Amino acid sequence: MTTFRRISRILAAGIFFLSISFANKVTAQDGKALFNANCASCHKMDKDLTGPALMGVHDRWNNDKLLALWIKNWNKAVASGDAYAVKIKDWSPSSMTVFEGTLSDAQIDAILGYIKAWKPEAKPTAAAAGAPAEEGDNTLLFGILTLILAVISFTLLQVNASLKKMADEKAGEPVVEPVPFWRNKAYIATLTVILFCVGGYLTSKGAMALGRSKDYTPTQPIFYSHKVHAGANQVNCLYCHGGAEQGKHANIPSVNVCMNCHKAINEYVKGPKLYDEDGNEVDGTAEIQKLYKYAGFDPANAAAWDPSKAKPIEWVKIHNLPDHVYFNHSQHVKAGKVACQTCHGEIQKMDEVKQFSDLSMGWCINCHRETKVQFKDNGFYSIYEKYHNDLKSGKIDSTKGITVEKIGGTECQKCHY
Amino acid sequence: MKKLSIIAVLAAGAVIVSCSDVKRKPGSIYMPDMAYSRAYETYADHSNLKEQGINYTNMPVAGTIARGEEVPFPIAMDKPGDTVNYVASKKVPNPVAALTAAEYKEAERQYLINCGICHGTKLDGNGPLWKDGEGPYPAAPKNLINDPIVGNMPEGQMMYSLTYGKNTMGSYASQLNRKQRWQIIHYIKMKQAEAKGGKLPLADEAPAAMDSSATAKK
């Protein structure tokens, strides 16, 4: 407050004498609000955007009156012949908005006061967040315990047999030479049964897993976190994958779609730390640099970027259906109004995307049997007049509704042709 | 006995080393020829088709217009540092008819998907990427309602910015087709009029009846 008053007094002297009464009403808070409303579209304090970074602008101009004049109407400042004004005019090909008539002198003072008082935030220290707690895998523990117990019981059985033999010897009873355990029929029979069960279980499980890639989490060329984009920053799925409601494929966004935001967002500092599935820390800013490499974008010379020179990023395809299955995204997303998460899982919570569903035929059919078609207010299904009438007349229980199966969703030819 | 325990320890060790929760390989399949298409598919590498004698153009023939699509925006993109075309775009009228109630709903949906992320669901320039400066985006998006420039911007100039990008905003030509872009401009204009206390009527409704029926109509 005090620094602000001092600045405003200096600035308000002379021509702006009358505005002092206004200036006293405008507070530093207003300076921030005014800055965000009028300047922040093109200016940031510590980074060049459309306009230059504003930190230290007072020192660079060294003439507060002229600076205020520039903000009001930069043409007038240039016309004054000041060397710095003439030089800064060519900073960028796009010229600054004229604020004459929009911003009062007091408001400009408030904005300049805010700029002068602004200091960069201290970078948070690295120790802010530790690695995610290791989740204990109990299966392994139980496995080892079972193994140890099995060994112990086996040993005890052997000990028992030896003791019995010794006791028999002492008692003078005829000693039967014990059968070694690898020739003991009871042991062999038990082992055979166990092997048969375990082997059969593993074989059938492995055979069923053939061609299903549930939980497939390939390493992608860029560590793109859906958790950051679709989760924290609430970017709609269809912003990037708009093809999902227009055609067969949910398209992979081209580099220019990434660059819509990343032309300006060139660092990852505000979100939580990123870790890949193996628990290694990932540097978000370095990943954005990888994108710039594909795009051929130089952050220091943003205006010279040519989107047509960008190279495609070769993402690794995760969800893959064999050639003999037809699947169409728009049918499900647009006509069926199925949420993306139904099949892809909670993508907005995944740092690295993994295949959520096994994409087996049983999985498809099951969903087609259980899912009710969204008949209401859906032009796509208006041709099923009989069903609509039956629903209206109560012939079909409206709580049960029409499943996908009822409109032919389990016919072979729907997907295999 | 000793041997057995050594083997057990080794086996347990192997299990620990080989077990990782992360599945980096897709796994085995019955018929690789079926699972991984032999035919050229979307996103396959199309760069070497010419060498194989396959004639393929990945762009539509110059001058053709897709069925149902609007005619191209008549103004070309400015050369860097130039604003002649940007200024000239002011004169281009919106060729798309005023929105019907259904089109309004669709334009709003498209706005929320593609624009709301920065310009805010209420068009107040405070979308989740800005969040009063707390979001990751370094520049404040324009307030589409209150900003003196955008508030009075001719529709042709808005189309120029949507098509070619403006300042830190990129081009949306690849995400929204021309009709969608013009319809979103209609939507923004209607919202702007609403904020000023007026109302632009929907095409299929009487102006007076709009208040109550805009959302109620199916």
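Let us look at the structure shown here.

Scoring rules and cut-offs
- Residues numbered from 1 in each chain as written.
- Chains lettered and ligands numbered in written order.
- Predicted model: local features only at pLDDT ≥ 70, side-chain atom pairs only at ≥ 80, totals over all residues.
- Heavy atoms only, no water.
- Helix = DSSP H or I, 4+ residues; strand = E, 2+ residues; numbered from the N terminus.
- Buried < 20%, exposed > 50% of the residue type's maximum accessible area, 1.4 Å probe, protein only.
- Contact = heavy atoms within 4.5 Å.
- Core = buried A, V, L, I, M, F, W, Y, C linked by side-chain atoms within 4.5 Å.
- Phe/Tyr/Trp six-rings, centres within 6.5 Å; stacked < 30°, edge-to-face > 60°.
- Lys, Arg positive; Asp, Glu negative; His and termini not counted.
- Salt bridge = Lys/Arg side-chain N within 4 Å of Asp/Glu carboxyl O.
- Buried area = accessible area lost by both parts, 1.4 Å probe.
- Polar contact = N/O pair within 3.5 Å; in protein donor to acceptor, adjacent residues only side chain to side chain.
- Nonpolar A, V, L, I, M, F, W, Y, C, P; charged D, E, K, R; others polar.

### Re the overall build of chain A
Counting its secondary structure elements, chain A contains 19 helices and two strands. When burial is assessed residue by residue, chain A has 30% of its 417 residues classed as buried. Contacts spanning at least 24 positions in sequence make up 64% of the contacts within chain A whose residues lie at least 6 apart.

### Some details on the nonpolar core
One recurring pattern in soluble globular proteins is that nonpolar side chains are buried together. Tyr239 of chain A together with Tyr111, Tyr187 and Ile188 of chain B are the most contacted members of the largest nonpolar core, which totals 45 residues. Sorting the residues of this core by element identifies α12 (237-240) and α13 (255-262) of chain A together with α4 (101-114), α5 (116-119), α7 (155-164) and α8 (178-195) of chain B as the ones contributing at least two each. Looking at this core, the element that brings in the most residues is α8 of chain B, giving six residues. Counting 29 residues, the second largest nonpolar core, distinct from the first, contains Ile71, Ala85, Phe99 and Ile111 of chain A.

### Considering the packing of aromatic side chains
Counted according to the given criterion, the structure contains 17 aromatic pairs over all chains. Here the aromatic rings of tyrosine 86 of chain B and tyrosine 160 of chain B are separated by 5.3 Å at their centres, their planes lie at 65°, and the arrangement is edge-to-face. With tyrosine 86 of chain B in helix α3 (residues 84-88) and tyrosine 160 of chain B in helix α7, this pair connects stretches of sequence that are 74 residues apart. Note on accessibility: tyrosine 86 of chain B and tyrosine 160 of chain B belong to one class, buried. Seen from their ring centres, tyrosine 111 of chain B and tyrosine 187 of chain B are 5.4 Å apart, and the 45° between their planes marks the pair as tilted. Highlighted residues: tyrosine 111 of chain B in helix α4 and tyrosine 187 of chain B in helix α8, separated in sequence by 76 residues. For tyrosine 111 of chain B, a relative accessible area of 0% translates into the label buried. Relative accessible area serves as the criterion here: at 0%, tyrosine 187 of chain B is assigned to the buried category. Here the aromatic residues Phe375, Phe380, Tyr381, Tyr384 and Tyr387 of chain A are joined through ring pairs into a cluster of three or more.

### Section: unusual backbone geometry
Residue and element names in this part refer to chain B. For leucine 123, which is not glycine, the phi dihedral falls at a positive 65°. Relative to the helices and strands, leucine 123 is located in the loop between α5 and α6 (148-151). Take leucine 123: its relative accessible area is 1%, and that puts it in the buried class. With phi around 55°, aspartate 132 is a residue other than glycine that occupies positive phi space. Considering the arrangement of structural elements, one finds aspartate 132 in the loop between α5 and α6. Its relative accessible area of 52% is what places aspartate 132 among the exposed residues.

### So, the side chain of lysine 189 of chain B
All names here are of chain B. As for its position among the elements, lysine 189 is in helix α8. As a buried residue without a salt bridge, lysine 189 has its nearest oppositely charged side chain in glutamate 155, at a separation of 5.9 Å. Those residues in contact with lysine 189 that lie beyond four places of it in its chain are Val150, Gly151, Asn152, Met153, Glu155, Met158 and Leu200.

### Details of the interface of chain B and chain A
Taken together, the contacts link 55 residues of chain B with 58 residues of chain A. Overall, the association of chain B and chain A removes approximately 4,800 Å² of surface from exposure, summing both partners, and the carbon and sulfur fraction of that is 55%. The closest approach of N and O atoms between glutamate 245 of chain A and arginine 109 of chain B, which form a salt bridge, is 2.8 Å. Between the two partners, chain B and chain A, sit 19 residue pairs in polar contact (both at pLDDT 80 or more). Put simply, the parts of the chain that give the side of chain B that touches chain A at least two residues each are α1 (2-18), α2 (32-35), α4 and α6 of chain B. With five residues, α4 of chain B is the largest single contributor of residues to the side of chain B that touches chain A. The residue inventory of the side of chain B that touches chain A, partitioned by class, reads 28 nonpolar, 16 polar and eleven charged.

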